[in-house]
Amino acid sequence: MMGKENFVHKGTPFAVNVHSEESLNYAENEFPVLDDDIFNVTYPKSGTNWMIEILNLIKYKGDTTMSNRVPIYERSPWYETIFGKEQVKALNHPRIISSHLPYHMFAKSFSKSKAKIIYTMRNPKDVFVSNYHFAHALQIFKEPKSLQEHMDNFLQGNSLYGSWFDHVKGWMQMKEDRRFFYITYEELQQDLRGCVLRICKFLGQELEDEAIDSVVKNSSFKVMKDNKMANWTTIPSDVLDHSKGSFMRKGVCGDWKNYFTVAQNEIFDDVYQEQMKDLNTKLFWDE
Ligand code: A3P
């Protein structure tokens, strides 16, 4: 089994064996962004793989060949990881590249490019619950001792890829940039077809109705859960222990209500209010 240690880069925790100083420096300072690149950026557990599936299906105009043939994490690899550099080179164009990096560590060469970024956010309470389960199953991450300890770390920003709050606030600095599009997991749940149409418009992709139908159908939770090229069962069990939970876990909004105590919810809300008070954008879950 691989090591479970974390290391800190620019104040942010990363996982040994997934990232290295070298891979992170390369991602920020050397990675050559191409004008037709499409970046799928998220804080982990916000719907990254859902967006990968949507973007790949749009790229192939609803054709499912690639979705059924190539594991999802190879179709749109995380360019900041140790293996990402080579995996990204193998992509055909336009490249759909995933990243969990905070804004201030993102590829410098993006600024002069015409590349596009889709940033997907999710209610942080559901991000936390999803992350809590995933951390048990993923053998390369430190296993949480308890939900409370995991929540303390999450609220203090002591999680892999750093603070959810800083991630969202950082990326939302780009919200007026024409190359940047933001969306929430909750909107995808509420109206997937409408979201697909908005994403197509942002990408300048015109698809026939039948192709849109295919994108919507084949990026549904049910289809992805049953597709071994989307449900992560192709990951060896010494990396992801499938007996401890499936990657396509529940796929719903509001599961946090099944886990938070009233007191935990109040503390979470307090930290949220304090952290997000300067973000002048109402997010889906804000009242
Ligand atoms: P849950 O653990 O709450 O079920 P990421 O891809 O960023 O790691 O996020 C994983 C989360 O997205 C998991 O949430 C997973 O079930 C959910 N997810 C993945 N594909 C989905 C889909 N097609 N529809 C709804 N949720 C999906």
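The residue numbers shown here count from 1 along each chain, following its written sequence. Under the rules for a predicted model, residues below a pLDDT of 70 receive no local features and side-chain atom pairs below 80 are neither given nor counted, while totals for whole chains, interfaces and linings still include all residues. Excluding hydrogens and water, the side-chain values take into account all heavy atoms of the structure.

- Going by the annotation in an unreviewed UniProt entry, the name recorded for the chain is Sulfotransferase, with Pelobates cultripes given as the source organism.
- UniProt positions are given in the numbering used here, feature names are shortened, and annotations may be inferred rather than shown by experiment. As stated in UniProt under Subcellular location (unreviewed entry), the record for the chain gives "Cytoplasm".

Describing the pairing of strand β6 (residues 180-184)
Step number 1: Using a 1.4 Å probe on the protein chains alone, a residue whose accessible area is under 20% of its type maximum counts as buried, one over 50% counts as exposed, and one in between counts as partly exposed. Put simply, DSSP marks the helices as runs of H or I at least four residues long and the strands as runs of E at least two long, and each gets a number from the N terminus on. In terms of burial, β6 is a largely internal element, four of the five residues being buried.
Step number 2: Any two strands with at least two DSSP bridges between them are considered paired. With five bridges joining them, strand β5 (residues 116-121) and β6 adopt parallel strand pairing. Looking across to β6, one finds that Y119 is bridged to Y182.

Some words on the site of the ligand
Step number 1: Around the ligand there are 19 residues in total, and T48, N49, S130, Y185 and K250 lie nearest to it.
Step number 2: Under the rule applied, a polar contact is a pair of N or O atoms within 3.5 Å (in protein, one hydrogen donor and one hydrogen acceptor; residues adjacent in sequence only if both atoms are side-chain atoms). In the model, an oxygen atom of the ligand is placed 2.7 Å from a nitrogen or oxygen of the K250 main chain.
Step number 3: Using the Shrake-Rupley algorithm and a 1.4 Å probe, accessible areas are obtained, with residue cover drawn only from the displayed protein chains. Considered on its own, the ligand offers 570 Å² of accessible surface; in the complex 97% of this is hidden by protein.
Step number 4: Breaking the shell around the ligand down by element, the ones donating at least two residues are α2 (48-59), α9 (185-190) and α12 (221-226).
Step number 5: Element by element, the count of residues in the shell around the ligand is highest for α2, at three residues.
Step number 6: Residues are grouped as follows: Ala, Val, Leu, Ile, Met, Phe, Trp, Tyr, Cys and Pro are nonpolar; Asp, Glu, Lys and Arg are charged; every other residue, Gly included, is polar. Of the residues in the shell around the ligand, the class split is six nonpolar, nine polar and four charged. Proximity is defined per residue: any heavy atom of the residue falling within 4 Å of a molecule or strand makes that residue near it.

Quick notes on the UniProt feature "domain: Sulfotransferase" (unreviewed entry) in the chain
Step number 1: UniProt's entry tags residues 35-279 with the feature "domain: Sulfotransferase" (unreviewed entry), counted in the numbering of this structure.
Step number 2: Secondary structure within residues 35-279 divides into 44% helix and 8% strand; the distance between the first and last C-alpha atoms comes to 29 Å.

Observations regarding the sheet that holds β5
Step number 1: One open sheet holds the four strands; their spatial order is β4-β3-β5-β6, and the pairing between them is parallel. Looking at the sheet topology across the chains shown, the edges are occupied by β4 (96-99) and β6. Going from strand to strand, the sheet's axes swing by 20° on average, the running direction of each strand aside.
Step number 2: Whether two residues touch is decided by their heavy atoms; if any such pair falls within 4.5 Å, the residues are in contact. The convention used is that axes are lines fitted to C-alpha atoms, helices contributing only their stretch in contact, and that angles between N-to-C directions extend from 0 to 180 degrees. Across the sheet, α2 lies against β3 (38-42), β4, β5 and β6, angled at about 165° from β3, the strand it touches most.

Thoughts on helix α10 (residues 192-203)
Step number 1: Between its first and last C-alpha, α10 extends 16 Å over 12 residues, near the 16 Å set by a 1.5 Å rise per residue.
Step number 2: All of the buried residues along α10 are L192, C195, V196, I199, C200, F202 and L203. End-on view of α10: buried residues confined to an arc of 160°, all on one side of the axis.
Step number 3: Of the surrounding elements, those touching the buried residues of α10 are β3, α2, β5, β6, α9 and α11 (209-218).
Step number 4: Two residues or fewer past α10, G204 is found with a positive phi of approximately 70°. Take the number of residues in a helix, subtract one, and multiply by 1.5 Å to get its expected span. Here, the arc refers to the directions that run from the helix axis to the C-beta atoms.

Quick look at the layout of surface pockets
Step number 1: The rule is simple: put a 1 Å grid over the protein atoms alone, call a set of points where a 1.4 Å probe fits but cannot get out a cavity, call an open set with protein on both sides within 12 Å along at least five of seven lines a pocket, and count a residue as lining if it has an atom within 4 Å of a point. Grid points are joined across faces, edges and corners, and a volume is the space filled by probe spheres set on the points. Looking at the second largest pocket, its volume works out to about 390 Å³.
Step number 2: Taken together, 17 residues make up the lining of the second largest pocket; nearest its centre are Y272, Q273, W285, D286 and E287.
Step number 3: Residue assignment for the lining of the second largest pocket shows that the elements contributing at least two residues are α6 (124-137) and α13 (262-276).
Step number 4: Looking at which element gives the most residues to the lining of the second largest pocket, the answer is α13, with five residues.
Step number 5: Taken together, the residues of the lining of the second largest pocket break down into eight nonpolar, three polar and six charged.

Quick look at the side chain of H167
Step number 1: Checked against the element boundaries, H167 lands in helix α8 (residues 164-171).
Step number 2: By relative accessible area, H167 is classed as buried at 1%.
Step number 3: When residues no more than four places from it in sequence are discounted, the contact partners of H167 are V41, T42, Y43, H100, L101, P102, Y119 and Y161.

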